[in-house]
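A look at the structure
Each chain is listed here by its residues.
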Amino acid sequence: GIGGGTHESPDLTDTIIFTSVSPSSSPVLLSIPRDLWVPSLQAKINTAYHYGVEKAGSSGGLTLAKSAVSEVIDQPVDFAIVFDFATFSRVIDEIGGVDVQVARSFTDNKYPIAGKENDPCDECRYETITFPKGLQHMDGAMALKFVRSRHSENLDEGTDFARSRRQTLVIEAIKTKLLSRVDLRLYRRLFDLVSQNIQTDITSDHYFALVKLALAARKYDIKTSALSEPDQLYNPPLHPKYGRQWILLPRSDNPHVIYDYVSSLLK
């Protein structure tokens, strides 16, 4: 997922989710934090698509993003899909919104206002958003704020890890809404909307097989997880080796910590 449009750094993939779908087991959604360091790139993983686009357009971006994800989790990546905030929001509005169980109340006083990223008035660039605990019905705009927020003073919600958890909640809510009833006209509208507003290396030759796979897997609950600190990752001190950036590395500097964890999810 990228910001797109007028957002700051519009082609950085600040939402990265590895998905594995099998006809005989639960689909797996694994959130990968944007600050995870990729040794071959000597950069954070959220820059892979950007650098690929610079070198070879959108196809280069898809290829480099897949390669980066594959490198850090030691799993093959067959396809990639890149979409922006606007598309995410429109999909949710198209299905009539989603119902999300908010685990804990939180307030974010520095949620960025679209189009005002470069406003010289610092206070003018942000709005305050609040989500109360409990079941909330969200339209596209509200759901987007829910999954993007990361500046809450609540330590359980003001992190990228919390944002990843919220993203998987919304994805599960979308799945629940879509499977609550069969509406072929809705599915067609969604297909048209998504296909016109994404970058992907999935071609029409793959459609039938992927739809068949998805139908077989829908009887299973989605298994969601995330690479997180301190379970699989740690944040090292700022160092010239990493451009003095805030980054994440595998725990104990051992990439097999991540490899083994991901492998266990896919069993």
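A short tour of the structure in this document, coming up. All values derive from a computational prediction rather than experimental measurement. (Residues numbered from 1 in each chain as written. Predicted model: local features only at pLDDT ≥ 70, side-chain atom pairs only at ≥ 80, totals over all residues. Heavy atoms only, no water.)

With that out of the way, let us pick up the side chain of Asp35. With respect to the helices and strands, the residue Asp35 is situated in the loop between β2 (25–31) and β3 (37–38). Looking at Asp35, the relative accessible area reads 10%, which means it is buried. In contact with Asp35, other than residues within four places in its own chain, are Lys44, Asp160, Trp246, Ile247 and Leu248. (Helix = DSSP H or I, 4+ residues; strand = E, 2+ residues; numbered from the N terminus. Buried < 20%, exposed > 50% of the residue type's maximum accessible area, 1.4 Å probe, protein only. Contact = heavy atoms within 4.5 Å.)

To continue, consider the sheet that holds strand β11 (residues 223–226). Read from one edge to the other, the open sheet built from three strands follows the order β1-β2-β11, with strand pairing classed as mixed. Across the chains shown, the open sheet's two edge strands, defined by having one partner strand only, are β1 (17–22) and β11. The sheet shows a mean angle of 15 degrees between the axes of neighbouring strands, direction not considered. In this structure, β1 lies alongside β2, joined through five bridges in antiparallel fashion. (Pairing = 2+ DSSP bridges. Axes fitted to C-alpha atoms, helices over the stretch in contact; angles between N-to-C directions.)

Attention now moves to unusual backbone geometry. Cis rather than trans, the peptide bond between Glu229 and Pro230 has omega equal to 10 degrees. Backbone geometry at Ser252 places phi at a positive 60 degrees, although glycine is not the residue there. On the secondary structure map, Ser252 appears in the loop between β13 (249–250) and α7 (256–265).

What follows deals with the packing of aromatic side chains. The full count for this structure, using the stated rule, is five aromatic pairs. Both rings, one in Phe106 and one in Phe146, keep their centres 6.2 Å apart while their planes meet at 35 degrees; by these two values the pair is tilted. Note that Phe106 is positioned in strand β7 (residues 106–112) and Phe146 in helix α3 (residues 140–148), a separation of 40 residues in sequence. The pair Phe106 / Phe146 is uniform in exposure class, with both members buried. Arranged with centres 5.6 Å apart and planes meeting at 90 degrees, the rings of Phe191 and Tyr207 form a pair that is edge-to-face. You can see Phe191 sitting in helix α5 (residues 184–196) and its partner Tyr207 sitting in helix α6 (residues 207–217), a full 16 residues away along the chain. Accessibility expressed as a relative area gives 35% for Phe191, which makes it partly exposed. Residue Tyr207 is classed as partly exposed on the basis of its relative accessible area, which comes to 35%. Linked through ring pairs, Phe106, Phe131 and Phe146 together constitute an aromatic cluster. (Phe/Tyr/Trp six-rings, centres within 6.5 Å; stacked < 30°, edge-to-face > 60°.)

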